Amino acid sequence: MSEHKRVTRYWVSFLLLLVLLLVLFVWNINSGSIDLSLREIVDILLGRQEDATAYSIIWEIRLPRILSVIILGGALSVSGFLLQTFFGNPIAGPFVLGISSGAKLVVALAMIFFLERSMVMGSWTMILAAFAGSMISMLFVLLVSRRVKNMSMLVICGVMIGYICSSITDFVVTFADDSNIVNLHNWSLGSFSGMSWENVSVMSAVVSVTLILTFFMSKPISAYQLGEAYAQNMGVNIRFFRFALILLSSILSACVTAFAGPISFVGVAVPHLVKSLLKTSKPILVMPACFLGGAAFCLFCDLIARTLFSPTELSISSVTAVFGAPVVILIMVRKQERI
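Residues numbered from 1 in each chain as written. Predicted model: local features only at pLDDT ≥ 70, side-chain atom pairs only at ≥ 80, totals over all residues. Heavy atoms only, no water.

Explanation requested: the overall build of the chain in the structure shown.
Summing up its helical and strand segments, the chain has 14 helices and zero strands in all. Mapped from its N terminus to its C terminus, the chain presents α and β elements in the order α-α-α-α-α-α-α-α-α-α-α-α-α-α. Principal axes of the C-alpha set define a box for the chain whose edges measure 65 × 60 × 35 Å. Out of the 339 residues in the chain, the part that is buried amounts to 50%. If you average the places of the 22 positive and of the 16 negative side-chain charges in the chain, the two averages end up 21 Å apart. (Helix = DSSP H or I, 4+ residues; strand = E, 2+ residues; numbered from the N terminus. Buried < 20%, exposed > 50% of the residue type's maximum accessible area, 1.4 Å probe, protein only. Lys, Arg positive; Asp, Glu negative; His and termini not counted. Charge placed at Lys NZ, Arg CZ, Asp CG, Glu CD.)

See the structure below:
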């Protein structure tokens, strides 16, 4: 009976996440400065609408942005789950540990280099730059983790690394050309605006391959959650496993930062909410649920960011922080109560 209840809970949880994602998808595509009825949107998607303006709004502006939010939001959430597994800390995440800030710094430097030479920075170049920055920040975090065994101190060190990278980025942006500052400023605050179908195709290729590789690591991750000694006894190569976990989580967070800039608290809050919903930490269940939860969470936040004070658009990090930070505080309070 207990097993039946667990399976039922899993099915209900996934159904709830899928319905929530679908509702937010429809809500997002139906929201904007130009009102379109649901029937008009369906006609446009099916190619039965002859209005060129409405067609362009849906296919060239809203759909690429919505799909980007789904892909990147899900990727960021899964990245957070992998980092939490690696460090054994519920508040570890790309933004908290300074990994997103490291990616932001290198991408900003690369953008200035290309813009000053009147060159266009391609999607793959941005991802590679963000990945390099992510790995540099992760290297610093790992060096600190060897000296600091207290996980709370490790998180604080990660936050400090993030502040250092953000400060250097601000310094670089301050002395960039005026024309470059506009491009950098909008990106550095975090935003899903300006997404194209080319961006969607690149990010979907990177994220899908990474997620498939991550999914195949479900069993080693499950063993690792029970401790390194247990994982070794189960035949897991710990050194390779830890390297793969860092690599995969860095690729996912780098892809997000490359296209949308640094986005706060999604990688920390969503995995915790998903595990609370499922009442399990099994990677084979948590990872797909994290992707759906991260996609829904970012769709909701992006909807608020672009419609609350329309036509002025808020940075996505400002909105995700409002909803994600209380979850992080709750995690820390609950953890303190158990001590």
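And the narrative resumes.
Which parts of the structure should I look at to understand the packing of aromatic side chains?
Working definition: an aromatic ring pair is given by the centre-to-centre distance plus the angle between the planes. Summed over all chains, the structure comprises six aromatic pairs. An angle of 45° between the planes, with centres 4.9 Å apart, marks the rings of Y224 and F241 as tilted. You can see Y224 sitting in helix α9 (residues 218–224) and its partner F241 sitting in helix α11 (residues 238–260), a full 17 residues away along the chain. With respect to burial, Y224 and F241 carry one shared label: buried. A centroid spacing of 5.2 Å and a plane angle of 70° characterise the contact between F300 and F323, whose relative ring orientation is edge-to-face. Taken together, the residues F300 in helix α13 (residues 283–307) and F323 in helix α14 (residues 316–338) connect sequence positions 23 residues apart. Clustering of aromatic rings is evident, with ring pairs tying together Y55, W59 and W197. (Phe/Tyr/Trp six-rings, centres within 6.5 Å; stacked < 30°, edge-to-face > 60°.)

I keep staring at the nonpolar core and nothing clicks. Help me out?
One recurring pattern in soluble globular proteins: nonpolar side chains tend to sit buried together. Residues L72, L82, F87 and F259 are the most contacted members of the largest nonpolar core, which totals 93 residues. The element that contributes the greatest number of residues to this core is helix α3 (residues 52–87), accounting for 16 residues. Sequence-distant contacts of L72, that is, excluding residues within four places in its chain, are made with F192, M195, M203, C255, V256, F259 and A260. Grouped together as the second largest cluster of nonpolar side chains are nine residues, V96, V327, V328 and I331 included. (Core = buried A, V, L, I, M, F, W, Y, C linked by side-chain atoms within 4.5 Å. Contact = heavy atoms within 4.5 Å.)

What should I look at first to understand the side chain of T210 in this one?
Inspection of the secondary structure puts T210 in helix α8 (residues 197–216). The exposure class assigned to T210 is buried, which follows from its relative accessible area of 4%. Residues in contact with T210, not counting those within four places in the same chain, are L248, I251 and L252.

Even after reading the chapter, I still don't get the environment of I263, so can you show me in this structure?
By secondary structure assignment, the location of I263 is in the loop between α11 and α12 (266–278). Separated by 75 residues in the primary sequence, I263 and S188 have C-alpha atoms spaced 9.5 Å apart. If near-sequence neighbours (up to four positions away) are discounted, I263 is found in contact with L76, F95, F192, V256, I316, S317 and T320.

Looking at this structure, how should I read α3?
Because each turn of an α-helix spans 3.6 residues, side chains separated by three or four positions in sequence point in the same direction. Compared with the 52 Å implied by 1.5 Å per residue over 36 residues, the 51 Å span of α3 between its first and last C-alpha is a close match. Of all the bends in α3, the greatest reaches close to 35° and is centred on R62; the proline P64 follows between one and four positions later. Buried residues dominate α3, accounting for 28 of its 36 residues. Trailing α3 by a residue or two, G88 shows a phi angle of about 65°, which is positive. (Expected span 1.5 Å × (residues − 1). Bend = angle between axes of the 7 residues up to and from the residue.)

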